[in-house]
Amino acid sequence: MNTPVTVIGLGLMGKALAAALAGNGYPTTAWNRSATAVPDGVTRLDTVAESSPTMVVCLSTYDVMDEVLSTADLRGRTVINLTSGTPGEARRAAAWAAERGAAYLDGAIMASPQMIGTPQAQLLYGGPKDLFAAGEPMLRVFGGTTVHLSEDPGVPLLYDLALLAMLYAAGQGLEHAQALVGTAGVSATEFQPYANAWLTHVIGPMAGPENAHAIDAGEHATDVSNINTNALAIGHVIRASQDAGLPADWLFAQQTRLEQAVADGYGSESPTRLIDYLRKEMG
Ligand SMILES: NC(=O)c1ccc[n+]([C@@H]2O[C@H](COP(=O)([O-])OP(=O)(O)OC[C@H]3O[C@@H](n4cnc5c(N)ncnc54)[C@H](OP(=O)(O)O)[C@@H]3O)[C@@H](O)[C@H]2O)c1
């Protein structure tokens with residue numbers, strides 16, 4: 001007999017989570033603030049207080065979670081919180097849950113609702129490892145990559161936000177590129193194969209194991225593309241953008257780091273060296 005589970009929050013993501021649980025034979029109940037369709041096999045609850053001992057929470061913010069869970073006695077319950085926020089909010093929520101007598105796991109969903117239940121969905125967890133181990137068979141219904149990262153409940157959201165930082169930087173870069181080629185009348189569709197090949201063969205490998213090992217080892221030798229070349233190239237990008245009236249201010253910080261690295265004698269090294277400059281700026 002599978003453990004009964006209650007999903008708190010039936011937004012786009014909560015519905016996908018509840019459907020995955022019910023579809024995999026978990027007796028699933030759900031609570032949502034407003035009336036909404038409930039996935040097949042899921043029973044709607046009128047109050048949070050009626051929840052099963054195991055609760056999967058997926059609400060818009062941590063503040064909303066505090067407000068919603070305050071309406072129930074959490075003693076003896078397990079809260080698995082998949083709401084997005086900051087690592088600090090996750091750590092505070094873990095302490096908040098402990099004060100109320102609940103066991104607590106925090107998780108980050110690196111997937112869209114449509115990916116829930118597929119091998120491609122990544123779900124990252126933090127908090128007590130034994131609690132994760134006990135719930136792991138149930139948590140695996142949400143995605144193929146279901147991992148415990150740390151006893152620190154803030155770590156999954158740190159990964160989440162680090163990956164989102166990459167997403168927003170890449171998105172901004174792509175929009176800038178499309179606008180820049182657009183100044184010569186080139187459409188996004190015409191440019192697309194070149195952008196895609198560049199992402200696959202040049203940008204993708206930047207996140208490969210060689211660069212990661214180089215950064216961890218502090219070794220930045222390169223026979224690919226050095227800081228001198230990139231300091232000149234980013235200047236070309238900025239000047240061409242400015243000539244076209246395209247705002248390029250988001251590139252200034254990286255240009256300053258590249259130029260400082262040249263001035264510091266690192267011109268023949270790989271741009272992986274720039275992590276040192278960013279860390280220095282963090283103080
Ligand atoms: N969608 C994604 O692709 C995705 C991916 C990864 C992570 N996430 C995370 O999953 C969480 C939920 O996202 P979602 O896509 O499901 O968002 P959503 O569709 O906007 O759903 C938000 C949920 O929060 C509830 N809610 C909002 N304010 C409330 C309040 N004051 N009191 C009670 N309930 C309240 C909503 O209830 P009502 O229905 O009554 O408004 C709904 O259940 C977010 O933290 C999001 O960052 C989403």
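Bear in mind the structure is a predicted one, so any value in this text is a computation, not a measurement. (Residues numbered from 1 in each chain as written. Predicted model: local features only at pLDDT ≥ 70, side-chain atom pairs only at ≥ 80, totals over all residues. Heavy atoms only, no water.)

1. Observations concerning the layout of surface pockets
Taking a probe equal in size to a water molecule and rolling it over the atoms shows the remaining empty space. Keep this limit in mind: Both site types are read off a 1 Å grid over the protein atoms alone. A 1.4 Å probe that fits but cannot get out defines a cavity, while an open set with protein on both sides within 12 Å along at least five of seven lines defines a pocket; lining residues have an atom within 4 Å of a point. Grid points are joined across faces, edges and corners, and a volume is the space filled by probe spheres set on the points. Secondary structure follows DSSP: runs of H or I at least 4 residues long count as helices, runs of E at least 2 residues long count as strands, and numbering of each begins at the N terminus.
Empty space within the second largest pocket amounts to approximately 330 Å³. N32, R33, L59, S60 and V64 are the residues nearest the centre of the second largest pocket, which is lined by 17 residues in total. Mapped onto the lining of the second largest pocket, the elements with two or more residues apiece are α1 (12–23) and α2 (62–69).

2. Observations regarding the site of the ligand
Definition in use: Proximity criterion: a residue is near a molecule or strand once any of its heavy atoms comes within 4 Å of it. N or O atoms closer than or at 3.5 Å make up a polar contact, with two conditions inside protein: a donor-capable atom paired with an acceptor-capable one, and, for residues adjacent in sequence, both atoms drawn from side chains.
Near the ligand, the surroundings consist of 20 residues, among which M13, N32, R33, S34 and S84 are the closest. Within the side chain of S34, an N or O atom sits 2.7 Å from an oxygen atom of the ligand. Going through the elements one at a time, α1 and α2 are the ones with two or more residues in the shell around the ligand.

3. As for the domain arrangement of the chain
This is how the line gets drawn: The split of the chain into domains comes from an automatic or database domain assignment. Defined here as a combined quantity, buried area equals the accessible surface (1.4 Å probe) lost by two parts on assembly, summed across both. Any Lys or Arg side-chain nitrogen found within 4 Å of a carboxyl oxygen on Asp or Glu counts as a salt bridge.
Each assigned domain of the chain is listed here: domain 1 (5–150) and domain 2 (159–282). Summarising the inter-unit geometry, the C-alpha centres of domain 1 and domain 2 are found 37 Å apart. Surface buried jointly by domain 1 and domain 2 totals about 460 Å² across both partners, of which 78% is contributed by carbon and sulfur atoms. It is M110, L124 and L149 in domain 1 that bury the most area against domain 2; as a group they hold 61% of the surface buried on that side. Summed over the shared surface of domain 1 and domain 2, the number is zero salt bridges. Between domain 1 and domain 2 we count zero residue pairs in polar contact (both at pLDDT 80 or more) in total.

4. Re the packing of aromatic side chains
What counts is decided by this rule: Aromatic pairing here means that ring centres of Phe, Tyr or Trp (its six-membered ring) are within 6.5 Å. Orientation follows from the plane angle: under 30 degrees is stacked, over 60 is edge-to-face, and everything else is tilted. Classification of residues uses two cut-offs on accessible area relative to the type maximum, computed with a 1.4 Å probe and protein chains only: under 20% is buried, over 50% is exposed, and between them is partly exposed. Geometrically, a charge over a ring is one whose NZ (Lys) or CZ (Arg) sits within 6 Å of the ring centre while staying within 35 degrees of the ring normal.
The tally for this structure, following the rule as stated, stands at two aromatic pairs. Aromatic side chains Y125 and F132 sit 5.5 Å apart centroid to centroid with 40 degrees between the ring planes, which places their arrangement in the tilted category. With centroids separated by 6.5 Å and ring planes inclined at 80 degrees, the aromatic side chains of Y266 and Y277 adopt a geometry described as edge-to-face. Of this pair, Y266 sits in the loop between α9 (252–263) and α10 (274–282) while Y277 is found in helix α10, placing the two residues 11 residues apart along the sequence. Owing to a relative accessible area of 28%, Y266 belongs among the partly exposed residues under this scheme. Residue Y277 is classed as buried on the basis of its relative accessible area, which comes to 7%. In this structure, R273 is placed above the aromatic ring of Y266, and the distance from its NZ or CZ to the ring centre is 4.1 Å.

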